[in-house]
Amino acid sequence: MLCAGTGCVSNRSLEIQTALESELKKYDLQDEIQVVLTGCNGFCSNGPILVVQPDGIFYQMLKVEDIPHLVEEHFLKGRPIEKLMYIPPDKKSPVPKLSDIGFFKKQQLVVLSNRGLIDPENIDEYIARDGYKSLAKVLTSMKPEEVIEEIKASGLRGRGGAGFPTGKKWEICRGAEGDEKYIICNADEGDPGAFMDRSVVESDPHAVLEGMLIGAYAIGAENGFIYIRDEYPLALKRIKRAIEQAGEYGLLGEAILGTDFNFGLSVNRGAGAFVCGEETSLISSLEGNNPAPRTKPPFPALSGYMGKPTNINNVETWANVPRIINRGAGWFAGIGTESSKGTKVFSIVGKLKNTGLVEVPMGITLREIVYDIGGSILDDKKFKAAQMGGPSGGCIPASLIDLPIDYESLTSAGAIMGSGGLIVMDEDTCMVEIARYFLSFTQDESCGKCPPCREGTKHMLDILTGITKGEGKEEDIEILEGMAKLIKQTAICGLGNTAPNPVLSTIRYFRDEYEAHIKDKRCPARVCKALIKFNILPDKCNGCHICFKNCPSDAITGEAKQIHEIIQDKCIKCGMCFDVCKFDAVRYE
Amino acid sequence: MKLKPSDLDKIAQKMRSVTNLRKGTSRIKITVHMGTCGIASGARDILSAFLSCVEEEGVSDVLITTSGCAGLCSREPMATVEARDKPPVKYVDLTKEKVKRIFKDYVMGGKIVEEYALAIGSERVL
Ligand SMILES: Cc1cc2nc3c(=O)[nH]c(=O)nc-3n(C[C@H](O)[C@H](O)[C@H](O)COP(=O)(O)O)c2cc1C
Ligand code: SF4
Ligand code: SF4
Ligand code: SF4
Ligand code: FES
Ligand code: FES
């Protein structure tokens, strides 16, 4: 089992493979002993790694020169070579192996394969990990059409939201009529709670540049833009630095790598609104116009920046490209599920023990993300649901926790892959309030151009707010569903088309919670303040006076050793009395 | 300098001799993880604490560098300490005091500070 992870490959494990195979042939052992390439072992620093099964002997730091000796001694004479074996630093060491820790164990790094390993502000370190090798390969040995075929064969789909097949998009743009073409990197990332793209740019900016260069060559574009969110100063600094360094090396500009390929790149700072991440709005903002979306078609691939064919992809989509070219479409297509290939970066936030940024293979289950990677719910509470795809997405309830995560299964469950924001909610979360929160975000961000989005979301928001205040009416659920349908069908852009999704998916899975709010004026998760009322049970209260001392609003009356009472008008529903009472005398409903 | 395709390999080899401990002159490499989230939780202080340790001890074979984050936001600030021929050790939830101790015990003394260490080894890259 020879490691063929990125780390080992850049330490020449593929040369070891050739040497091994030819040595084995020499002794006629090729049928008896199989050379199997494996994924990373998590010991890249000691690579190349070779594990000999069934004995589990672990060789490290192999060099091509070691191989003849190794094959002769170990495989022919049966004497493992101690000198090349891995010696655990300290057998009794209680410190676990990184790749055995849940958070890291389930992750597989493709896009983030350089994270934490290189200095992102030093282009040489990127080059030392096979950087710009794919660009060189493409420019010197592949026709643009071949590059497109390779990306198509890999099955790569857009990581920015809709999941459109990337190779196909490139092909359309390449085929579009026009002498000038443009490419754009969408680094606007406006989804609240999401920071995947920020992290990719911060930890490996050259991967994005190299992906764009390869795309530009394939599409036939000579100019490109990186449109980056203004709130990302560090990412902005690193991408600018990367562009400078690439320019000095002649990897941007004219006659790149001595070929006749030219490409120029500029960085633009986002105008700050969520809708600016939508492609037509983004393009309009690049042109110096008001960032308002327009109707599609025509799609940007045919008529984009300044009316010219324009290909727009997300940061993570671009960063996948050099890895696909380097390792081959077949390798990439071997990761993931039938319809969704490769990995996806998620930012996991919310009620989890471990939060952060993870890269996992497509097809992983929500259970693995919540329990293995996330380390389970904080305070050992129950998992209730996960919001996927941010304000454009929907929730996946606990009952679907074993759903494999890929584009199709998420869509059929009423959520979306989106850009990879994943918010985990526990039993104390009120789903009506969540829907209200996301809708208030999109309603706030609506550009106001088309009435269904502008007025419709406002009306829906009013209804939801009413429900959380105990003013819900029987017919509200139906009205919400009807309006959602209408807005989805008639809004001009993706913001409006998807804004009702959080409402629809919470109604789909948590209708009983809506009904409890509307019919019983009750918030089962006890979040909606207007619907809770604190009371002291006279037969349980022993007059210890603790709640009296703790109430921040002087809403409790009673002398020590007497039964206490809550003055409802003064109570701000902070729950303090409930928390401090040791005698279970405080109740809420 | 404008590169030709063949120059990439040369740069890669030259660079590996600096960053790869086996081939270079450094005995230990310390990487402080500096993404937005690490910096927000104090990674800059951690970096300067390591730098002042180097100064105080007067050592010249310790390479201090920065990199992007390891993604585990809830345990930032974080640093990876890698000694030659040993797997890297990741330390989490760092403070200046912890840095001093790690420097003294592990960098100078070769003993892993178990209480602060999250794990040894590297992440899986495909
Ligand atoms: C309201 C709205 C916001 C969007 N924000 C982003 C964003 O921040 N980043 C992004 O890459 N795509 C965003 N998109 C999707 C883009 O319109 C576009 O589909 C994407 O950049 C295409 O790249 P891909 O094919 O690589 O995913 C947004 C779409 C909508 C409707
Ligand atoms: S759907 Fe909303 S954001 Fe999109 S164009 Fe219409 S009003 Fe603007
Ligand atoms: S803390 Fe409980 S028992 Fe004590 S006075 Fe308040 S309600 Fe009564
Ligand atoms: S909920 Fe808060 S404000 Fe109301 S009675 Fe209890 S402690 Fe006082
Ligand atoms: S790439 Fe081989 S151990 Fe990581
Ligand atoms: S963004 Fe780097 S660890 Fe959180």
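Residues numbered from 1 in each chain as written. Chains lettered and ligands numbered in written order. Predicted model: local features only at pLDDT ≥ 70, side-chain atom pairs only at ≥ 80, totals over all residues. Heavy atoms only, no water.

**Observations concerning the domain arrangement of chain A**
Its domain assignment divides chain A into domain 1 (2-92), domain 2 (123-332), domain 3 (343-426), domain 4 (431-518) and domain 5 (533-588). Just the C-alpha atoms count here: the centres of domain 1 of chain A and domain 4 of chain A sit 59 Å apart. (Domains from an automatic or database assignment.)

**Here's the deal with the packing of aromatic side chains**
Residue and element names in this part refer to chain A. The full count for this structure, using the stated rule, is 13 aromatic pairs over all chains. Here the aromatic rings of Tyr 126 and Tyr 132 are separated by 5.3 Å at their centres, their planes lie at 80 degrees, and the arrangement is edge-to-face. The class of Tyr 126 is buried, set by a relative accessible area of 2%. Judged by relative accessible area, which is 0%, Tyr 132 ranks as buried. Put simply, the rings of Tyr 182, Phe 225 and Tyr 305 touch in pairs and so form one group of aromatic residues. The ring of Trp 331 has Arg 327 sitting right over it, with the charged end atom 4.7 Å from the ring centre. Sitting above the plane of the Phe 346 ring, Lys 344 keeps its charged end 5.8 Å from the centroid. (Phe/Tyr/Trp six-rings, centres within 6.5 Å; stacked < 30°, edge-to-face > 60°. Buried < 20%, exposed > 50% of the residue type's maximum accessible area, 1.4 Å probe, protein only. Lys NZ or Arg CZ within 6 Å of the ring centre and 35° of its normal.)

**Focus: the side chain of Ser 113 of chain A**
Along the chain, the position of Ser 113 of chain A falls in the loop between helix H4 (102-105) and helix H5 (123-128). A polar contact is formed between the side chain of Ser 113 of chain A and the backbone oxygen of Val 110 of chain A, at a distance of 3.0 Å. With residues up to four places along the chain from it excluded, the contact list for Ser 113 of chain A reads Thr 6, Arg 129 and Arg 323 of chain A together with Val 125 of chain B. (Helix = DSSP H or I, 4+ residues; strand = E, 2+ residues; numbered from the N terminus. Polar contact = N/O pair within 3.5 Å; in protein donor to acceptor, adjacent residues only side chain to side chain. Contact = heavy atoms within 4.5 Å.)

**Digging into the environment of Ile 556 of chain A**
Residue and element names in this part refer to chain A. Considering the arrangement of structural elements, one finds Ile 556 in strand E15 (residues 556-557). A relative accessible area of 6% places Ile 556 in the buried class. Between the C-alpha atom of Ile 556 and that of Cys 571, which follows or precedes it by 15 residues, the distance is 8.1 Å. Those residues within four positions of Ile 556 in sequence are excluded, and the remaining contacts are Ile 536, Cys 547, Phe 548, Cys 551, His 564, Glu 565, Ile 566 and Cys 577.

**Examining unusual backbone geometry**
Look at the link from Lys 296 of chain A to Pro 297 of chain A: it is a cis peptide, with omega at -10 degrees. As for its placement among the helices and strands, Pro 297 of chain A is situated in the loop between helix H12 (279-286) and strand E8 (310-314). Cis peptide bonds are those with omega within 30 degrees of zero, and the linkage from Glu 76 of chain B to Pro 77 of chain B qualifies with -10 degrees. Examined against the element boundaries, Pro 77 of chain B turns out to sit in the loop between strand E2 (62-67) and strand E3 (79-83). The backbone phi angle of Arg 526 of chain A is positive, close to 60 degrees, even though this residue is not glycine.

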